[in-house]
Amino acid sequence: MMMSLTQYLGKNNNNKPGTILVLDGGISTYLQSLPNTPPFTDRNLWSSSLLLTPAGRDAIQRAHFDFLSTGGSDILTTVTYQIPSSHIEMLKRRRIGLQLGLHNNNRNSNEEDTNLEYSSNQLCDMFSTAIKLANRARSDVLQQTQVVVEKEKKQDRANTSLRENNTFVVASLGCFGAALANGSEYTGDYGIDDPDNGCSLQDDLVAFHQERYEWVMTRNFLCWKDCNPVDGVAFETVPSFPEVQAIMTVLKVEKDKKKIKGKRRQEEESSAVVPQQDDCFIWLSLACKDANELNDGTPIRVVLDYITEMDPDGTILHGIGVNCCKVKHVYDLSDTIAKHILESNIPRVVVLYPNSGEEWDDETKVWVEGTGCTDSQDFAREIMKCIQNIHGMCTNKNVDPLQMFVGGCCRTTPGTIGAIREAVDEYLLKK
């Protein structure tokens, strides 16, 4: 039986301090690059629209397989980044109405949204389908690599979780801006915050993240029947400080609920198919416009201080990092994050998966040639600089090296991840 991600990283496991796991890459942009991938038919769902058709589901499973077999990924993230909450259309209308001067938008967030194209059960079913596809890809690769496993054990090569039958599936929860599908994920500007007129930004953000988190973490939805559990949850590409606050609120509320209900709830949930918060690895990755600030302009140190204040013992949030920032910024960002973890003495995993840094031409709808870091080896070298810097920092402080997850985001392929895998294995062999 495979252990959970939390167990794998735990002190009682045989892993050395400084465990490095390799994430997958930008699966959505990779899917777009493949000739046999069906089109993303729903702009609001983006790549998650592939979950709605047999051909789309086949394409997703093949892409997961590629990241495992060619890339050597230890962790797969599900194609659920842009699946919204069931309240998203109501939230959109309320915000647009307020911007137009219409103040009769004070609807209860629990009301059924009759204009939503997908019901709550359908959206939850998309999560279930996506998790099944990632688990199937994992099973397929593991079955095909048993001979390789035995060979490489004899050769005493560097440990990777795939070769040790420990690969992990993490549910991707994208930011509010991704679900709004209006480009606000790149700015963190979610519009007006006017609680007096029924448009509290914080309430909207909490409602948005609460529902989707519960879809993943509870067993109250029939669509989870017979679905293998996820090993973790990733709150990804978070561009604004208010959204970080909302996510931490959701996580803290869920943690407090568990404490209050105590042993009785634990007994009731002991047979649940899906994981519970205590055993589910949770990370939050920030979207940053440069080496110092989130997309909304909040200094990253302010965000890190807030997370420490909300979770001083590291039991709510287990990993913190950045994704979908330009790779040229990831060294400085990782340096700031690692220093903060060491200063606060809270053992969180550093999570790094930048994009290629290429520029998008909105007029021609193509990536601008010659921009960014498109060479796989160069990209891997940038990631290794971060790893070496952080481990060097730990050595200087005479503490165990921090654990890390490293990979890529948009425009990174199984080839990119394969280069990172090779570099990480070589580095670990020398240690």
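The structure presented is a predicted model; accordingly, all values stated were derived computationally and were not measured.

Here is what the cut-offs are and how they apply
Residues numbered from 1 in each chain as written. Predicted model: local features only at pLDDT ≥ 70, side-chain atom pairs only at ≥ 80, totals over all residues. Heavy atoms only, no water. Helix = DSSP H or I, 4+ residues; strand = E, 2+ residues; numbered from the N terminus. Expected span 1.5 Å × (residues − 1). Buried < 20%, exposed > 50% of the residue type's maximum accessible area, 1.4 Å probe, protein only. Contact = heavy atoms within 4.5 Å. Polar contact = N/O pair within 3.5 Å; in protein donor to acceptor, adjacent residues only side chain to side chain. Phe/Tyr/Trp six-rings, centres within 6.5 Å; stacked < 30°, edge-to-face > 60°. Pairing = 2+ DSSP bridges. Axes fitted to C-alpha atoms, helices over the stretch in contact; angles between N-to-C directions. Disulfide = S-S within 2.5 Å. Salt bridge = Lys/Arg side-chain N within 4 Å of Asp/Glu carboxyl O. Core = buried A, V, L, I, M, F, W, Y, C linked by side-chain atoms within 4.5 Å. Parallel < 35°, antiparallel > 145°, perpendicular 65-115°, else oblique. Left-handed = near helix turned anticlockwise from the far one by under 90°. Nonpolar A, V, L, I, M, F, W, Y, C, P; charged D, E, K, R; others polar. pLDDT = per-residue confidence, 0-100.

(A) Spatial organisation of helix 12 (residues 376-396). Here helix 12 is 21 residues long and its end C-alpha atoms lie 30 Å apart, about the 30 Å a rise of 1.5 Å per residue gives. Where helix 12 is concerned, the buried positions are Phe379, Ala380, Ile383, Met384, Cys386, Ile387, Asn389, Ile390, His391, Met393 and Cys394. Those residues of helix 12 hidden inside the fold are in contact with strand 1 (20-22), helix 11 (330-344), strand 7 (349-355), strand 10 (404-406) and helix 13 (414-430). Measuring from the backbone nitrogen of Gln377 back to the side-chain oxygen at the start of helix 12 gives 3.1 Å, which picks out Asp375 as the cap. A positive phi of about 60 degrees marks Asn398, the residue just after helix 12.

(B) Structural context of the packing of aromatic side chains. Using the criterion set out here, one finds 12 aromatic pairs in the structure. Here Trp283 and Phe405 contribute two aromatic rings whose centre-to-centre distance is 5.6 Å and whose plane-to-plane angle is 70 degrees, an arrangement assigned as edge-to-face. With Trp283 in strand 5 (residues 281-286) and Phe405 in strand 10, the pair connects residues that are 122 residues apart, well separated along the chain. Its relative accessible area of 0% is what places Trp283 among the buried residues.

(C) View of the sheet that holds strand 4 (residues 232-238). Read from one edge of the open sheet, eight strands run 1-10-7-6-5-4-3-2, paired in parallel fashion. Two strands in the sheet have a free side with no partner beyond their single neighbour: strand 1 and strand 2 (75-77). Each strand axis lies, on average, 25 degrees off the axis of its neighbour in the sheet, ignoring direction.

(D) View of the state of the cysteines. Overall, the coordinates contain zero disulfides when judged by the stated rule. In this structure Cys386 is not part of a disulfide, and its nearest cysteine sulfur, from Cys325, lies 8.9 Å away. The exposure class assigned to Cys386 is buried, which follows from its relative accessible area of 0%.

(E) Seen up close, the pairing of strand 5. Burial within strand 5 is extensive, with six of its six residues counted as buried. Both faces of strand 5 are covered, namely the face carrying Phe281, Trp283 and Ser285 and the face carrying Ile282, Leu284 and Leu286. Bridge count between strand 5 and strand 6 (residues 319-326): four bridges; the pairing is parallel. Note that in strand 6 the partner of Leu286 across the bridge is Val322.

(F) Highlighting the pattern of salt bridges. For the structure on display, the rule yields 13 salt bridges. The residue Arg138 makes a salt bridge to Asp231 at a minimum N-O spacing of 3.4 Å. Taken as a pair, Arg138 in helix 5 (residues 120-144) and Asp231 in the loop between helix 8 (201-217) and strand 4 lie far apart in primary sequence, 93 residues in all. Note on Asp231: relative accessible area 10%, which makes it buried. Residues Glu426 and Lys430 are paired through a salt bridge, measuring 3.5 Å at the closest nitrogen-oxygen approach. A residue pair is termed a helical-turn pair when its members lie 3 or 4 positions apart in one helix, as Glu426 and Lys430 do in helix 13 at four residues. Taking the relative accessible area as the measure of exposure, Lys430 reaches 67% and is therefore exposed. Among the charged side chains, a network of salt bridges with common partners joins Asp74, Arg421 and Asp425.

(G) Representation of the nonpolar core within the structure. Counting residues in each nonpolar core, the largest one holds 88 residues, and the members touching the most others are Val244, Leu286 and Val322. Of all hydrophobic cores here, the second largest spans 17 residues; its members include Leu21, Ala234, Phe281 and Phe405.

(H) Examining the packing of helix 10 (residues 300-310) against helix 11 more closely. Contact pair helix 10 / helix 11: the axes reach a minimum separation of 11 Å and the direction vectors enclose 30 degrees. In terms of orientation, helix 10 lies roughly parallel with respect to helix 11. The crossing of helix 10 and helix 11 is right-handed. Where helix 10 abuts helix 11, its residues Ile300, Arg301, Leu304, Asp305 and Thr308 lie against Leu333, Thr336, Ile337, His340, Glu343 and Ser344. Residue classes in the contact of helix 10 with helix 11 are distributed as four nonpolar, four polar and three charged.

(I) Region of interest: the side chain of Ser86. Take Ser86: it is sitting in the loop between strand 2 and helix 4 (88-99). Assessed through its relative accessible area of 10%, Ser86 is described here as buried. Looking at Ser86, its side chain comes within polar contact range of the side chain of Glu211, at 2.6 Å.

(J) Seen up close, the confidence of the model for the protein chain. When pLDDT is averaged along the protein chain, the result is 85; 80% of the residues meet or exceed 70. Note on residues 268-275: pLDDT under 50 across the span, and 18 contacts to partners over four residues away in sequence or across chains.

(K) Fine view of unusual backbone geometry. With a phi angle near 55 degrees, Thr237 is a residue other than glycine that sits in the positive phi range. Despite not being glycine, Asn398 shows a phi value in the positive range, around 60 degrees. Its place among the elements puts Asn398 in the loop between helix 12 and strand 10. Given a relative accessible area of 70%, Asn398 falls into the exposed group.

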